[in-house]
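Coordinates in review
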Amino acid sequence: MTVTTTAQEDPDTGERRATRRRTPWVLQLLVGVVAVLVGAFLTLNPFSSLAVLLVAVVVGLVVTGFGELAARDDEQSSRRWPVVKGVLYLAAALAVLVWPGATIRVVAVVVGLALVLGGIADVLAGASARGTARWNGIIGGAASIVFGLLALAWPDVSVLVIAVVFGAKVVLLGVRLVIDAIRRARGRDTELGAPAATRPGRARPGWWRLAGTVVGAAVAVVLMLVSLALHRGTPQPDAFYSPPGDVPSQPGQLLRVEPFTRAVPADAKGWRILYTTTSDDGVPAVASALVVTPKAAAGPTPVIAWAHGTTGASPGCAPSVLDKTFESGALFVVDRVVQQGWTLVATDYIGLGTTGVHPYLIGQGEGRSVLDAIRAAHAMKDVSLADDTVVWGHSQGGHAALWTGILASTYAPELKIDGVAAMAPASNLPGLIRNLDNVTAGELFASYVVQAYTSTYPDVRFSDVVRPGAQILVREMAQRCLAEPGTLVSIASTLVLDKPMWQGNPDSGAFHERLVENTPSGPIAAPLLLAEGGADQLVIPAAQDAYVKGRCDAGYAVDYRTYPGKDHVPLVEADSPLIPELLTWTQDRFAGKPARNTC
């Protein structure tokens, strides 16, 4: 007796098969191939021009939308959610197209929202599914939500999210569509009426998809934890740096004094101070500084006015706020200063610690911050300072030291500046900007310059200086301190930039003119020591040589010393041969000895 068993087809399965019959395999194959190509482009070219990126994102959203509508899913219990996601991605593509003046940030917001809403749809679909489809939907949807939130919350990372996450999502969808279309073309959907996924000897594709989903979720969790950790590491100034309500307009006035102990040598005592100064345009401003003096000082002590190197361009980047107070700005010998019986007065500059635009490589604002810190320190009751002052500065601080020497005779004629020591100074600004393209993460330093110049000079517009595809990255990089963990994201972003950040040639236009204006080329009445490392990769020796030659040709005296094999920061580290020479040179300035001229 022969018994024939007829399998009763599940209504949902019948609906899916009917849907597949309505979607020709050739069309599905074409959509899949396009998805793979567009997704690969997004992943490999995240920093293309804005126009190219917009087109790629729109095409990617459209392909993803049609792909979701055409996608086969033998484990899913309803066609409702793929339709919802398909419509969602098509709507996102339309939003980018019709948005007036769409920018990278607009694209990031649209893609971020699409990922979040698509993830919610996946979670809801998974909740009503069975087997591996259930976990694919829930875990994959949660990962999509996390990626979308990262895109919305972290602007420069959003570009990477568009590239790595959305691009990879489009690639994977395309691969699924291509494989499914090929199977359908070969008539391998079924074997003896059974779905291909359940044929004997074959692994169920749902398990492979689940494994991939779990990996994606793990990546999302790691990125979320990294994001939280990096944001927690962002330094923040406390209430000390908020100015009182009645700030005098006269520069150099002492507003607030508070003991300071972090990184202060055991044989010294320190304070942080708040004082008045003026910015580049002469507008009154407030800045902070550190004062460190020997405990054993028997009388008035000579002053070392320290201008620190680059730490960043936002309030949390002040050396007095950072954990490595002195080393963050490249002062590795504060103990040697104290041992000499000198008092250190170290400005944070305007905009670091305090609010306001930080005058990064803007000479007037930097130089006035240094001079007014000296004035304010002289007003302290707990410190006795001599009139003798020597200015030290490194890198950005070298630029500030040079401008301090230039401005001293007119801006603060009552101060006695006995010498200026500029170590690896940012002196030749046009040359420095040209070289940043050859420096690893040079865009990070460039972002500080762009932030300062576009915020200070009305004729220097951000959109004229930075190309659209790099604008979000540059704005976000400018908000990070060199010492904070989030800078790792900035460095990683610069490593995958496919072309320079500049819009056109930075050697022309208003930006270039302002760089020339802030090159410290004026006369310095005090003796000048200029030190340069022979292996400096940031402020290259050729540019420094050209700057020194210009000063010599103008008739100015310079004691120019070079140190073979020393890079930018090692030049001023404690074991550098420069340090004993700097101390001796400073002693001679306080002693009134004649200075050497190497011109």
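In this text, all values refer to a predicted model and were calculated from it rather than measured experimentally.

What counts as what
- Residue numbers here run from 1 along each chain, matching the order of that chain's written sequence.
- The predicted origin of the model limits local features to residues at a pLDDT of at least 70 and limits the giving and counting of side-chain atom pairs to 80 or more, whereas totals for whole chains, interfaces and linings rest on all residues.
- Side-chain metrics in this entry use all non-hydrogen atoms of the structure; hydrogen atoms and water are not considered.
- Any residue with an atom within 4 Å of a point lines the site, the site being either a cavity, points on a 1 Å grid over the protein atoms alone where a 1.4 Å probe fits but cannot get out, or a pocket, an open set with protein on both sides within 12 Å along at least 5 of 7 lines.
- Grid points are joined across faces, edges and corners, and a volume is the space filled by probe spheres set on the points.
- In DSSP terms, a helix is any run of H or I states spanning at least four residues, a strand is any run of E spanning at least two, and both are numbered starting from the N terminus.
- Any residue outside Ala, Val, Leu, Ile, Met, Phe, Trp, Tyr, Cys, Pro, Asp, Glu, Lys and Arg is labelled polar, Gly included; the first ten of those are nonpolar and the last four are charged.
- Burial classes follow relative accessibility: with a 1.4 Å probe on protein chains only, a residue under 20% of its type's maximum area counts as buried, one over 50% as exposed, and anything between as partly exposed.
- The pairing criterion for strands is at least two bridges between them, as found by DSSP.
- By convention a crossover is right-handed if, when the strands point away from the viewer, the path from the first strand over the helix to the second runs clockwise.
- Grouping into patches uses exposed residues only, defined as over 30% relative accessible area, and leaves out salt-bridged ones; the cut-off is 9 Å for like charges and 5 Å for nonpolar side chains (Val, Leu, Ile, Met, Phe, Trp, Tyr).
- Residue exposure ignores everything except the shown protein chains as possible cover, and the areas themselves are Shrake-Rupley values with a 1.4 Å probe.
- What makes a salt bridge here is a side-chain nitrogen of Lys or Arg within 4 Å of a carboxyl oxygen of Asp or Glu, nothing more.
- As used in this structure description, the phrase polar contact means that two N or O atoms lie within 3.5 Å; if the pair is within protein, one of them must be able to donate a hydrogen and the other to accept it, and residues adjacent in sequence are counted only when both atoms belong to side chains.
- We call two residues in contact when some of their heavy atoms are within 4.5 Å.
- Remark: nonpolar core denotes a set of buried residues (Ala, Val, Leu, Ile, Met, Phe, Trp, Tyr, Cys) joined through side-chain atoms within 4.5 Å.
- Only the stretch in contact is used when a helix axis is fitted, and all axes are lines through C-alpha atoms; the angle between N-to-C directions ranges over 0 to 180 degrees.
- Note on terminology: angles under 35 degrees are roughly parallel, angles over 145 are roughly antiparallel, angles of 65 to 115 are roughly perpendicular, and the others are oblique.
- Cysteine sulfur atoms that come within 2.5 Å of each other are treated as a disulfide pair.
- Residue-level confidence of the predictor, termed pLDDT, takes values from 0 up to 100.

On to empty space enclosed by the protein, then. Taken as a whole, this structure holds five cavities of 30 Å³ or more when the rule is applied. Estimates place the volume of the largest cavity at around 80 Å³. Around the largest cavity, the lining residues are Thr310, Tyr360, Leu361, Ser395, Gln396, Ala426, Leu432, Leu436, Phe445, Val449, Leu538 and Val539. Residue assignment for the lining of the largest cavity shows that the elements contributing at least two residues are helix H12 (429-436) and helix H13 (442-456). Class assignment for the residues of the lining of the largest cavity results in nine nonpolar, three polar and no charged.

Attention shifts here to the pairing of strand E11 (residues 559-563). Summarising burial for E11: four of the five residues are buried, a large majority. Taken together, the five bridges between strand E10 (residues 528-533) and E11 define a ladder with parallel strand orientation. Bridging across to E11, Leu529 finds its partner in Asp559. One crossover worth recording links E10 to the parallel E11 by way of helix H18 (residues 541-553), and it is right-handed.

Before going further, it helps to examine a nonpolar patch on the surface. On the surface, Leu113, Leu117, Ile120 and Leu124 cluster together into a nonpolar patch covering about 330 Å² of accessible area. Examined against the element boundaries, Leu117 turns out to sit in helix H5 (residues 104-127). Judged by relative accessible area, Leu117 falls into the partly exposed class, the value being 43%.

With that out of the way, let us pick up the side chain of Gln396. Along the chain, Gln396 turns up in helix H11 (residues 396-411). Among the polar contacts made by the side chain of Gln396, one reaches the side chain of His358 at a distance of 3.1 Å. Setting aside chain neighbours within four positions, we find Gln396 in contact with His308, Gly309, Thr310, Tyr349, His358, Tyr360, Leu361 and Glu366.

For the rest of this paragraph, the subject is the nonpolar core. Of all hydrophobic cores here, the largest spans 37 residues; its most connected members are Val370, Leu371, Val391, Ile417 and Val420. When residues of this core are traced back to their parent elements, those giving at least two are strand E6 (301-307), helix H10 (363-378), H11, strand E9 (416-423), E10 and H18. No other element matches the eight residues that H11 contributes to this core. Ignoring any residue separated from it by four or fewer positions in sequence, one finds Leu371 in contact with Thr404, Leu407, Ala408, Tyr411, Ala412, Leu415 and Ile417.

We now examine the layout of surface pockets. Looking at the second largest pocket, its volume works out to about 560 Å³. Lining of the second largest pocket is provided by 27 residues; of these, Thr310, Glu327, Ser328, Leu482 and Ala483 occupy positions nearest its centre. Among the residues making up the lining of the second largest pocket, the classes are represented as 13 nonpolar, nine polar and five charged.

Right, let's get into the packing of H10 against H11. Contact pair H10 / H11: the axes reach a minimum separation of 7 Å and the direction vectors enclose 70 degrees. Considering the angle they form, H10 stands roughly perpendicular to H11. For the pair H10 and H11, the contacting residues are Gly363, Gln364, Glu366, Gly367, Arg368, Val370, Leu371, Asp372 and Arg375 in the first and Gln396, His399, Ala400, Trp403, Thr404, Leu407, Ala408 and Tyr411 in the second. Across the contact of H10 with H11, the residue classes tally to seven nonpolar, six polar and four charged.

All right, on to the sheet that holds strand E3 (residues 254-260) then. In spatial order, the strands read E3-E4-E5-E7-E6-E8-E9-E10-E11; together these nine strands make up an open sheet with mixed pairing. The sheet terminates laterally at E3 and E11, the two strands that pair on one side only. For this sheet, the mean angle separating the axes of adjacent strands, direction not counted, is 20 degrees. In terms of strand pairing, E6 meets strand E8 (residues 385-394) through six bridges, oriented parallel. Of the residues in E8, the one forming a bridge with Val303 is Thr389. Across the face of the sheet, H10 comes into contact with E3, strand E4 (268-278), strand E5 (284-294), E6, strand E7 (343-350), E8 and E9 while running at roughly 125 degrees to E4.

This brings us to the state of the cysteines. Summed over the entire model, instances satisfying the criterion amount to two disulfides. Between the sulfur atoms of Cys317 and its disulfide partner Cys481 the distance amounts to 2.1 Å. Because the torsion about its S-S bond is -90 degrees, the bridge between Cys317 and Cys481 counts as left-handed. In this pair, Cys317 is assigned in the loop between E6 and helix H9 (334-339) and Cys481 in the loop between helix H15 (471-477) and helix H16 (487-495), connecting sequence segments 164 residues apart. A single burial state applies to Cys317 and to Cys481, both of which are buried. Across a sulfur-sulfur distance of 1.9 Å, Cys552 and Cys599 are joined as a disulfide pair.

Summing up the model confidence of the chain, the mean pLDDT is 83 and the portion of residues at 70 or higher is 79%. Scored below 50 in pLDDT, residues 72-77 makes 24 contacts in the model with residues more than four places away or belonging to other chains. Taken as a whole, residues 189-203 scores under 50 in pLDDT and shows 21 contacts with residues more than four places along the chain or in a different chain.

In total, this model carries 16 salt bridges according to the counting rule given. Of the charged contacts in the structure, one is a salt bridge between Asp238 and Arg272, with a shortest N-O distance of 3.0 Å. Here Asp238, found in the loop between helix H8 (205-232) and E3, pairs with Arg272, found in strand E4; they are 34 residues apart in sequence, far enough to count as distant. Judged by relative accessible area, Arg272 falls into the buried class, the value being 8%. Notably, a salt bridge pairs Arg375 with Asp372, separated by 2.8 Å at the nearest N-O pair. Residue Arg375 and its partner Asp372 are both found in helix H10; the two are separated by three residues, about one turn of the helix. For the pair Arg375 and Asp372, a shared accessibility class is recorded, and that class is buried.

A separate point is unusual backbone geometry. A positive phi angle, near 75 degrees, is found at Tyr349, a position not held by glycine. As for its position among the elements, Tyr349 is in strand E7. You will see that Ala424, though not glycine, has its phi angle at about 45 degrees, which is positive. Looking at the element boundaries, Ala424 is found in the loop between E9 and H12.

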